[in-house]
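# A structural walkthrough
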Amino acid sequence: MAPEAPRTPGQTRALALAGMILTIGLSVWSWQFLNRATTSGVERLARIDRVRALCTEAWGTARTEVDSMRVDRMMLPDTIDAGSEQAIDRCGDLRGESVPNSLPNAREMSGDPMPRGLR
């Protein structure tokens, strides 16, 4: 292999300028991307807060467990994460882990499983 010819000062300046332009372009693109991602995240949290306020108000007016279950099934005006498996489209989706989101089996009115001999 033949040794490379040394770069001229003009080539070195052109290479440095090209690198600087590429770095600035990448920085501007990254800033716009992060700005868009942050804005969409904040908007998502704001939508969740709006629908949580509706559900909290409805849960506050519920007097019985049946009323509370009706509120859990109430559709929200704005579906959050519509394409996701964990989409939030009902008030029950906003419940924490301490409160069950599913209704009991119709045969198990109390929510407790039936004794083995009765099945």
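Just above sits the structure.
In this text the structure is predicted, and so the values were computed from the model without any measurement.

### Some remarks on the overall build of the chain
Helix and strand content of the chain: two helices and two strands. Element order for the chain, N to C, with α for helix and β for strand: α-α-β-β. Per-residue burial over the chain gives 15% buried out of 119 residues. Pairs at least 24 residues apart make up 36% of the contacts formed inside the chain by residues separated by at least 6 positions. Here the chain displays about 10,000 Å² of accessible surface, and carbon together with sulfur accounts for 59% of that area.

### What about the nonpolar core?
Among the nonpolar cores identified, the biggest contains 11 residues, and these are Ile-48, Val-51, Cys-55, Ala-58, Trp-59, Val-71, Leu-76, Ile-80, Ile-88, Cys-91 and Leu-94. Elements supplying a minimum of two residues to this core: α1 (9-61) and β1 (75-80). Looking at this core element by element, the count peaks at five residues for α1. Look past the residues within four positions of Ile-80 in its chain and what remains in contact with it is Arg-44, Arg-47, Ile-48, Val-51, Ala-87 and Ile-88.

### A word on the packing of aromatic side chains
Aromatic ring pairs are reported here in terms of the distance separating the ring centres and the angle at which the planes meet. Taken as a whole, this structure holds one aromatic pair when the rule is applied. Seen in terms of ring centroids, Trp-29 and Phe-33 are 5.6 Å apart; in terms of plane orientation they differ by 10 degrees. Their pairing is stacked. With a gap of four residues between them, Trp-29 and Phe-33 both fall in helix α1, about one helical turn apart.

### Some details on the pattern of salt bridges
All chains considered together, the criterion is met by one salt bridge. The partner of Asp-67 in a salt bridge is Arg-70, with the nearest N and O atoms 3.0 Å apart. Here Asp-67 pairs with Arg-70, and both are found in helix α2 (residues 65-73), just three residues apart, close to one helical turn.

### Re α2
Regarding α2, the residues found buried are Ser-68, Val-71 and Asp-72. Looking straight down α2, one finds its buried side chains confined to an arc of 105 degrees; they lie on one side. Where α2 is buried, its residues meet α1 and β2 (88-90).

### Focus on the state of the cysteines
Every disulfide links exactly two cysteines, by a covalent bond between their sulfur atoms. Counting across every chain of the model gives one disulfide. Between the sulfur atoms of Cys-55 and its disulfide mate Cys-91 the distance is 1.9 Å. Between Cys-55 and Cys-91 the disulfide shows an S-S torsion of about -80 degrees. By sign, it is left-handed. Within this pair, whereas Cys-55 is found in helix α1, its partner Cys-91 is found in the segment after β2, the two being separated by 36 residues in sequence. Judged by relative accessible area, which is 0%, Cys-91 ranks as buried.

Calculation rules
Residues numbered from 1 in each chain as written. Predicted model: local features only at pLDDT ≥ 70, side-chain atom pairs only at ≥ 80, totals over all residues. Heavy atoms only, no water. Helix = DSSP H or I, 4+ residues; strand = E, 2+ residues; numbered from the N terminus. Buried < 20%, exposed > 50% of the residue type's maximum accessible area, 1.4 Å probe, protein only. Contact = heavy atoms within 4.5 Å. Areas by Shrake-Rupley, 256 points an atom, 1.4 Å probe, with all protein chains shown as cover. Core = buried A, V, L, I, M, F, W, Y, C linked by side-chain atoms within 4.5 Å. Phe/Tyr/Trp six-rings, centres within 6.5 Å; stacked < 30°, edge-to-face > 60°. Salt bridge = Lys/Arg side-chain N within 4 Å of Asp/Glu carboxyl O. Arc of directions from axis to C-beta. Disulfide = S-S within 2.5 Å.

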